[in-house]
Amino acid sequence: MRTQFVRRTAAAFAGVALAAAGLGVAGALQANAATTQQSAVSTPAAAKSITIKSDKATAKAWTKVSFTGKTSGIAKNTVVQVQRLQNGKWVNFPATTKVTSRATYSVWVQSGRVGVNKFRVVAANTASAPISVTITK
């Protein structure tokens with residue numbers, strides 16, 4: 001009977017020791033992963049930027065107005081979305097394109113909203129400065 005008790009106790013201690021060793025390895029792996037993530041966060045990424053130029057400052061209603069620009073730190077084939085300022089909020093305009101391999105883009109819009117229209121482009125959570133195009137009748 002005593003022999004059985006000793007064997008069971010030894011087996012229980014061995015199981016606890018193995019479990020503790022496993023936790024130690026898992027803890028070390030987690031610590032290593034945290035260190036890796038921390039160093040990845042501290043590495044500065046390339047600054048993202050996007051510019052916009054218009055071929056017209058004034059255009060008649062529904063005339064094509066072309067926007068071109070350059071990007072920096074934004075990957076090729078990233079979608080460039082045109083936005084227009086409406087009632088104090090930037091709203092997606094139905095015009096998109098993609099960043100080229102030369103880090104540029106080109107897109108055109110047509111607007112029937114007479115008056116000053118403010119436009120900008122957004123790509124990869126980066127917005128350009130706004131530009132104004134005056135639309136006339």
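Please refer to the structure higher up on the page.
What counts and how
Residues numbered from 1 in each chain as written. Predicted model: local features only at pLDDT ≥ 70, side-chain atom pairs only at ≥ 80, totals over all residues. Heavy atoms only, no water. Helix = DSSP H or I, 4+ residues; strand = E, 2+ residues; numbered from the N terminus. Buried < 20%, exposed > 50% of the residue type's maximum accessible area, 1.4 Å probe, protein only. Contact = heavy atoms within 4.5 Å. Areas by Shrake-Rupley, 256 points an atom, 1.4 Å probe, with all protein chains shown as cover. Lys, Arg positive; Asp, Glu negative; His and termini not counted. Salt bridge = Lys/Arg side-chain N within 4 Å of Asp/Glu carboxyl O. Polar contact = N/O pair within 3.5 Å; in protein donor to acceptor, adjacent residues only side chain to side chain. Pairing = 2+ DSSP bridges.

Moving on, we get to the overall build of the protein. A tally of regular secondary structure across the protein gives one helix and ten strands. The linear arrangement of helices and strands in the protein, starting from the amino end, is α-β-β-β-β-β-β-β-β-β-β. Counting over 137 residues, the protein shows a buried share of 23%. In the protein, 56% of the contacts between residues at least 6 apart in sequence involve partners at least 24 apart. Looking at the protein as shown, the accessible area adds up to about 9,400 Å², and 59% of this sits on carbon and sulfur atoms.

Here the focus is the side chain of Arg84. Take Arg84: it is sitting in strand S5 (residues 79–86). Summary of buried charges: Arg84 has no salt-bridge partner, and the nearest side chain of opposite charge, Asp55, is 15 Å away. A polar contact is formed between the side chain of Arg84 and the side chain of Ser111, at a distance of 2.9 Å. Within the structure, the side chain of Arg84 is placed 3.0 Å from the side chain of Asn117, a separation counted as a polar contact. Ignoring sequence-local partners within four residues, the contact set of Arg84 consists of Lys89, Trp90, Val91, Phe93, Ser111, Arg113, Asn117, Lys118 and Phe119.

On to the pairing of strand S6 (residues 89–98). Across seven bridges, the pairing between S5 and S6 is antiparallel. Bridging from a neighbouring strand, Gln81 pairs with Thr96 of S6. Hairpin connection between S5 and S6: a loop of two residues separates the two successive antiparallel strands, and Asn87 in this loop has a positive phi of roughly 50°.

Below, the discussion takes up the pairing of strand S10 (residues 131–136). Going residue by residue along S10, you find Ile131, Val133 and Ile135 tucked away on one face and Ser132, Thr134 and Thr136 left uncovered on the opposite face. With three bridges connecting them, strand S3 (residues 58–60) and S10 associate as parallel partners. Bridge assignment links Ala59 to a residue of S10, and that residue is Ile135. Bridge count between strand S8 (residues 115–123) and S10: five bridges; the pairing is antiparallel. Its bridge partner being in S10, Lys118 is matched across the sheet by Ser132.

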